[in-house]
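# Commentary on secondary and tertiary structure
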Amino acid sequence: MIRANDIIDKVAEYYPAADFDIIRKAYAYSAYAHRNQVRLSGEPYMIHPIEVANILADMKMDVSSIAAGLLHDTLEDDPMTSIEDLSLRFGDEITALVEGLTKISKIKFKSSREHQAENYRKMILAMVKDIRVLLIKLADRIHNMRTMEFQKPARQIAIAQETLDIYAPLANRLGISWMKQELEDSSLRYLQPAVYRELKEKVAQKELESRDFISKIIKIVQRNLTHNHIEAQVSGRLKHFYSIYRKMVRRDIAFEQIYDIVAFRILVADKAECYNVLGIIHTLWRPLPSRFKDFISVPKANMYQSLHTTVIGPDGRYAEFQIRTFEMHQIAELGIAAHWHYKEGYQLDDHDRKQMDWLRQMIEWQQDVDNPGEFLDSVKIDLFSEAVYVFTPTGEVKELPNGSTPIDMAYSIHSKVGDQCTGAKVNGKLVPLRYQLKNGEMVEIITSNRQHPNKDWLAFVKTSKARTKIRQWVKKEEERRSIELGRELCEKAFSRAKLSFNQALKTGKMQAVAAEFSLKHAEALLAAVGRGKISARQVINRIYPELRKPAKSKDKDDDKKRSSRPARDGISIKDIDDVMVRFAKCCNPLPGDDVVGFITRGRGLTIHRRNCRHVDKSNSERYMDVSWNLEQTTAHRVKIRVMCEDVKGMLVSLSTAISTEEANIASASLKTTIDQKAVCFFEVQVRDLEHLKRVKLALRAVKGVYQVTRVS
């Protein structure tokens, strides 16, 4: 077990003038307070505070922090320990740190939304009083994660999720990269144990395979740097597990498809040498332009600085290089702790204040926001996120809010670029327009003169400029399209009545009708028809009242009763008569699905599922409100895909499961894969969505079935 003198020896290396008696006193007091306690492992509880203090010493923290680390559980675990007693023995500074840690330890992050928001408030207030509270808490969490195997599985999952959601992002905001990485890897171990084990095995194998490659690269780099009279420290490693896992998930690829798994680090004396080394690396091997990031010129929000570049190294293998000064490396590893001065009364300098701007903003928010839910949203967006710095192809840096998309980037360049944005390449790879940009990525905006803003963009853009410009354009465009659709509907209605629409327009009759509806001009009337607020029949009746059909009922409310009439195949359409209805084959809507009608020129009304990707959402004025008339029961065809084992009799079992739910099979097909699996496609006839759900449940109950999905 680590002793007090072991910790003191570490502190003496970086702070020889420290008051070591405080550490000895805190060690002795903690040992007495925890004398009768044991951990779940059966070991003396004292091991935990000692390890926390040791981690803080590794981080080169001050004496008060290390003493608080030794004492951090005494207030909570020892009934004989009081704030007054601690203050008398150790002074107000250490007592305040211990008290702040005790408050944070009582936070339960898996509570209700309102309680969770209030818990965040408490944590932020404790942090703002003294940021060392958070640094000690992170050291505490690190050791707890290292000894989690003794917790019950449910508790392991809860703690790991809390760590991944809260403490790892906080370590990142403080710039402590080693801590962030360890917390992420430890969380992955308990949240995805099978994935973690597989990754660990594959990374270990990859490490064995990469030893020669890493050694070869280091020798080549060291030789060329020496030749250019540059003294440097060169090292190579494989990336940490969670980083690899996120890349696999984000790109939807297997471990074997990740080629940039090896990272090299080069540490030099000053900033100028960083760029000299970069030039040498690019001379040795061909760089990937899209993978170059200059975080020296544009530091991250947590003050991280480094040059990142990826090259195609020997044997065609990718190699990523991080080039930084020794000072930059210390900041990258220790974050704000790297700036801590070990003098009494030390105040944060300008460098540290800049790094802690986000914390001051949090305090302002917690004072101004009364609604806990709003405050919680602000915390999630801004506390655990940071500004995104991205590059244009010419190297210009753009600072955007976290979560920004290529659309935001396009509008930050110019309004016209935003309006005409059709796509984007991030680091040379095409991405969707709703893709969220990340730090250091190079973004190339693709434009077209035929492109225009889309109303759907409003759902994911972040900047106010993008939002305003999109809304302005959409408003004008919707007005134009409403007029166009209204004109088309009126022309057809006039034609069916054997009347001339153009004549009504030229003679001013349309203008007169517009005035009757309190509209300014004929185009406004056409727009109202296009939006469905006024029907073309109403316009004709106003111009030619003599053509009105006599009422078939004395009831004055007959028209209202007929406003929603049943159409074919169980669909009810509001305010439309004699319209041709068909169901879209792209999504095969069923009774019970949320559906929308879409007016198609010359083809009547097409019924789609509302979330169908083939619905032209930019033409919202062509939408019609429709609903299911559930009194009518019609068989609807739907396609189902079943992933299952490729075993004898499987097709029979699946067919039987479908038949037991009284669904008719219209067609069936099967194909096998190379990994002894089968993919079966069934086209079945069902009555509605509930009927389909029962069929899917029956299929999932068949032994050997992995997945059952509805095919659109």
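### Here's the deal with the overall build of the protein
Within the protein, the secondary structure is distributed over 27 helices and 22 strands. In the protein, buried positions account for 49% of the 712 residues. The contacts in the protein between residues at least 6 apart in sequence include a share of 64% that link residues at least 24 apart. Taken as a whole, the protein presents about 37,100 Å² of accessible surface, with 49% of it coming from carbon and sulfur.

### As for the nonpolar core
Counting 59 residues, the largest nonpolar core has Ile7, Val11, Ile23, Met59, Ile66 and Leu183 as the members making the most contacts within it. Of all the elements in the fold, those that place two or more residues in this core are α1 (4-14), α2 (20-33), α3 (47-58), α4 (63-71), α6 (83-105), α8 (132-146), α9 (153-173) and α10 (177-191). Per element, the largest residue contribution to this core is 8 residues, and it comes from α8. Among the nonpolar cores identified, the runner-up in size contains 41 residues, and Val203, Leu225, Ala232 and Trp285 belong to it.

### Considering a positive patch on the surface
Together, Arg246, Arg250, Arg251, Lys429 and Lys438 make up a region of like positive charge exposed at the surface. By residue number, the principal contributor to the positive patch is helix α12 (residues 241-251), which donates 3 residues. Along the chain, the position of Lys438 falls in the loop between β10 (429-431) and β11 (443-447).

### Quick notes on the confidence of the model for the protein
Averaged over the protein, the pLDDT score is 80; the fraction of residues at 70 or greater is 81%. Note that residues 341-346 has pLDDT below 50 and, in this model, 11 contacts with residues that lie over four places away or in other chains. Predicted confidence is poor over residues 361-385, with pLDDT under 50, and the contacts of this stretch with residues over four places away or in other chains come to 53 contacts.

### Some words on the sheet that holds strand β21 (residues 677-686)
Sheet architecture is open: 4 strands sit in the order β20-β21-β19-β22, paired in antiparallel fashion. Edge positions in the open sheet fall to β20 (664-672) and β22 (705-711), since each of these has one partner strand only. On average, each strand axis in the sheet is tilted by 20° relative to the strand beside it, whichever way the strands run. As paired elements, β20 and β21 share 8 bridges and run antiparallel to each other.

### Some remarks on the side chain of Asp185
For Asp185, the position within the fold is in helix α10. Among buried Asp, Glu, Lys and Arg side chains, Asp185 stands out as unpaired, with Lys180 the closest opposite charge at 8.6 Å. In contact with Asp185, other than residues within four places in its own chain, are Tyr196, His240, Phe241 and Tyr242.

### Notes on the packing of aromatic side chains
Within the structure shown, the criterion is met by 8 aromatic pairs. Seen from their ring centres, Trp285 and Phe321 are 6.1 Å apart, and the 15° between their planes marks the pair as stacked. Of the two residues, Trp285 sits in the loop between α13 (271-284) and β3 (286-287) while Phe321 sits in strand β6 (residues 318-325), which places them 36 residues apart along the sequence. Classification of Trp285 as buried rests on a relative accessible area of 10%. The exposure class assigned to Phe321 is buried, which follows from its relative accessible area of 0%. Here the aromatic rings of Phe295 and Tyr304 are separated by 6.1 Å at their centres, their planes lie at 65°, and the arrangement is edge-to-face.

### Quick look at the packing of helix α22 (residues 509-516) against helix α24 (residues 536-543)
In a packed pair of helices, the relevant descriptors are the angle between the two axes and the axis-to-axis distance. The geometry of α22 relative to α24 is characterised by a closest axis approach of 10 Å and an angle of 105° between their N-to-C directions. Considering the angle they form, α22 stands roughly perpendicular to α24. From α22, Lys509, Met510, Val513 and Glu516 reach across to α24, where they touch Val539, Arg542 and Ile543. The residue inventory of the contact of α22 with α24, partitioned by class, reads 4 nonpolar, no polar and 3 charged.

### Quick look at the sheet that holds strand β9 (residues 421-426)
What the 3 strands build is an open sheet, ordered β10-β9-β11; its pairing is antiparallel. Of all strands in the sheet, those with a lone pairing partner are β10 and β11, marking the two edges. Put simply, the sheet's adjacent strands are angled 35° from each other on average, direction ignored. Bridge count between β9 and β11: 5 bridges; the pairing is antiparallel. Paired with Ala424 across the two strands is Ile445, which belongs to β11. Packing of helix α18 (residues 406-413) onto the sheet brings it into contact with β9, β10 and β11, and relative to β11 it is tilted by some 80°.

### Remarks on the pairing of strand β8 (residues 397-400)
Of the two faces of β8, only the one carrying Lys398 and Leu400 is buried; Val397 and Glu399 on the other face are not. Summarising the sheet, strand β7 (residues 388-391) and β8 pair through 4 bridges and their orientation is antiparallel. The residue bridging Phe391 from the neighbouring strand is Val397, located in β8. The turn linking β7 back onto β8 is made up of 5 residues, and Gly395 within it adopts a positive phi angle of 95°.

### Section: the pattern of salt bridges
Here the structure, examined in full by the defined rule, presents 20 salt bridges. Among the salt bridges present, the one from Arg24 reaches Asp21, with a minimum N-O distance of 3.1 Å. With a gap of 3 residues between them, Arg24 and Asp21 both fall in helix α2, about one helical turn apart. Take Arg24: its relative accessible area is 38%, and that puts it in the partly exposed class.

What counts as what
- Residues numbered from 1 in each chain as written.
- Predicted model: local features only at pLDDT ≥ 70, side-chain atom pairs only at ≥ 80, totals over all residues.
- Heavy atoms only, no water.
- Helix = DSSP H or I, 4+ residues; strand = E, 2+ residues; numbered from the N terminus.
- Buried < 20%, exposed > 50% of the residue type's maximum accessible area, 1.4 Å probe, protein only.
- Contact = heavy atoms within 4.5 Å.
- Areas by Shrake-Rupley, 256 points an atom, 1.4 Å probe, with all protein chains shown as cover.
- Core = buried A, V, L, I, M, F, W, Y, C linked by side-chain atoms within 4.5 Å.
- Patch = residues over 30% accessible without salt bridge, like charges linked within 9 Å, V, L, I, M, F, W, Y side chains within 5 Å.
- Salt bridge = Lys/Arg side-chain N within 4 Å of Asp/Glu carboxyl O.
- Lys, Arg positive; Asp, Glu negative; His and termini not counted.
- Charge placed at Lys NZ, Arg CZ, Asp CG, Glu CD.
- pLDDT = per-residue confidence, 0-100.
- Pairing = 2+ DSSP bridges.
- Axes fitted to C-alpha atoms, helices over the stretch in contact; angles between N-to-C directions.
- Phe/Tyr/Trp six-rings, centres within 6.5 Å; stacked < 30°, edge-to-face > 60°.
- Parallel < 35°, antiparallel > 145°, perpendicular 65-115°, else oblique.
- Nonpolar A, V, L, I, M, F, W, Y, C, P; charged D, E, K, R; others polar.

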